[in-house]
Amino acid sequence: SGLSGYTLSVLGTERSAIAAPRFVVTEDGPAPQPLRDFKQIRAMLHASTGLSPGARDMALKAFTLLAEGESSVHGVPVEEVHFHEVGAVDSIVDIVAVAAGLDYLSGGAGEMEIVVSPLPMGRGVLRGAAHGPLPSPPPATVSCLCGAGVPTFDAGVDGEFVTPTGACLVAALKTGVSRWPDMFCPTRCAYGAGTKRWRDRPNLVRLVLGQRA
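Residues numbered from 1 in each chain as written. Predicted model: local features only at pLDDT ≥ 70, side-chain atom pairs only at ≥ 80, totals over all residues. Heavy atoms only, no water.

(A) Representation of helix H3 (residues 89-105) within the structure. The terminal C-alpha atoms of H3, which comprises 17 residues, lie 24 Å apart, in line with the 24 Å expected from a rise of 1.5 Å per residue. Listed in full, the buried residues belonging to H3 are Val89, Ser91, Ile92, Val93, Ile95, Val96, Ala99, Leu102 and Asp103. Buried residues along H3 sit in contact with strand E1 (6-11), strand E4 (22-27), helix H1 (38-47), helix H2 (53-74) and helix H5 (164-173). At the C-terminal side of H3, glycine 107 shows a positive phi close to 75°. (Helix = DSSP H or I, 4+ residues; strand = E, 2+ residues; numbered from the N terminus. Expected span 1.5 Å × (residues − 1). Buried < 20%, exposed > 50% of the residue type's maximum accessible area, 1.4 Å probe, protein only. Contact = heavy atoms within 4.5 Å.)

So this is what it looks like as structure tokens:
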């Protein structure tokens, strides 16, 4: 794909005594990663020989939605959108890894329901972003969710619960929304841990595989 200068690590950890690995992407190249625009990321995905067509299509769908959201926020054409945080190598790897994982779970057939739960929205001001202080939830997150049909609710806490990366993946790839699907028979489940420690909830994402009854 032309993407290099990074290392992947899976760290064993826990949240609220629930064993959950943490997926970490670390830049380790001789020079800082460059800022990338939508055209460059799209070209990288098309040029990749290691991605299946299904995984590539899902990643492109997510990045396209994100570019459209950023275009709306910044008032520039989609083709001229320059990603900052989401153009960084860790977010590229995150999006492609999710697409590859879902394609693997579908058996490469691409026929799979992806049901997500309503998303918690944080409050307050986020600092440290490339554009300066931002309201929470971030503008790019809200733009990605506009028109996606994904319900949100007040998390009741200052901070960021849904990143632009997560929002574009959910909005682009979900096929339905439910707190828990009716007549659903779970077969496997797994957890992944986030970095931040919240006082009132475990920072976890849960994936449940199953079938309709």
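From this point, the discussion proceeds with the structure in view.
(B) Broad picture of the nonpolar core. Ranked by internal contacts, the top residues of the largest apolar core, which has 38 residues, are Leu45, Phe63, Ile95, Leu119, Leu145, Cys168 and Leu173. Broken down by secondary-structure element, the contributors of at least two residues to this core are H1, H2, H3, strand E6 (119-123), helix H4 (139-145) and H5. Beyond its immediate chain neighbours, meaning those up to four positions away, isoleucine 95 contacts Ala59, Ala62, Phe63, Thr165, Cys168 and Leu169. (Core = buried A, V, L, I, M, F, W, Y, C linked by side-chain atoms within 4.5 Å.)

(C) Fine view of H1. Listing the buried residues of H1 in full gives Phe38, Ile41, Met44 and Leu45. For H1, the buried positions fall inside an angular range of 130° around the axis, keeping them on one side. Exposed side chains of H1 directed beyond 90 degrees from the buried face belong to His46 and Ala47. Turning to H1, the residues buried within the fold contact H2 and H3. (Arc of directions from axis to C-beta.)

(D) Broad picture of the packing of aromatic side chains. This model, assessed by the stated rule, comprises two aromatic pairs. When the ring of phenylalanine 161 is compared with that of tryptophan 198, the centres are 4.2 Å apart and the planes differ by 15°; the resulting orientation is stacked. Here the residue phenylalanine 161 occupies a position in the loop between strand E9 (152-158) and H5, and tryptophan 198 occupies one in the loop between strand E11 (184-193) and strand E12 (204-212), the gap between them amounting to 37 residues. Take tryptophan 198: its relative accessible area is 15%, and that puts it in the buried class. Ring centres of tryptophan 180 and phenylalanine 184 lie 5.7 Å apart, and the angle between their planes is 75°; on these two criteria the pair is classed as edge-to-face. (Phe/Tyr/Trp six-rings, centres within 6.5 Å; stacked < 30°, edge-to-face > 60°.)

(E) Spatial organisation of the pattern of salt bridges. Taken as a whole, this structure holds three salt bridges when the rule is applied. For arginine 201, the salt bridge identified is with aspartate 200, shortest N-O distance 2.5 Å. Among the residues examined, aspartate 200 registers a relative accessible area of 48% and is labelled partly exposed. (Salt bridge = Lys/Arg side-chain N within 4 Å of Asp/Glu carboxyl O.)

(F) Up close: the packing of H1 against H2. It is at 10 Å that the axes of H1 and H2 come closest, and there the two elements cross at 175°. With respect to each other, H1 and H2 are oriented roughly antiparallel. In this structure, H1 uses Phe38, Ile41, Arg42, Leu45 and His46 to contact H2, whose residues at the interface are Arg56, Ala59, Leu60, Phe63, Thr64 and Ala67. Each residue belonging to the contact of H1 with H2 can be placed in one class, and the counts come to seven nonpolar, two polar and two charged. (Axes fitted to C-alpha atoms, helices over the stretch in contact; angles between N-to-C directions. Parallel < 35°, antiparallel > 145°, perpendicular 65-115°, else oblique. Nonpolar A, V, L, I, M, F, W, Y, C, P; charged D, E, K, R; others polar.)

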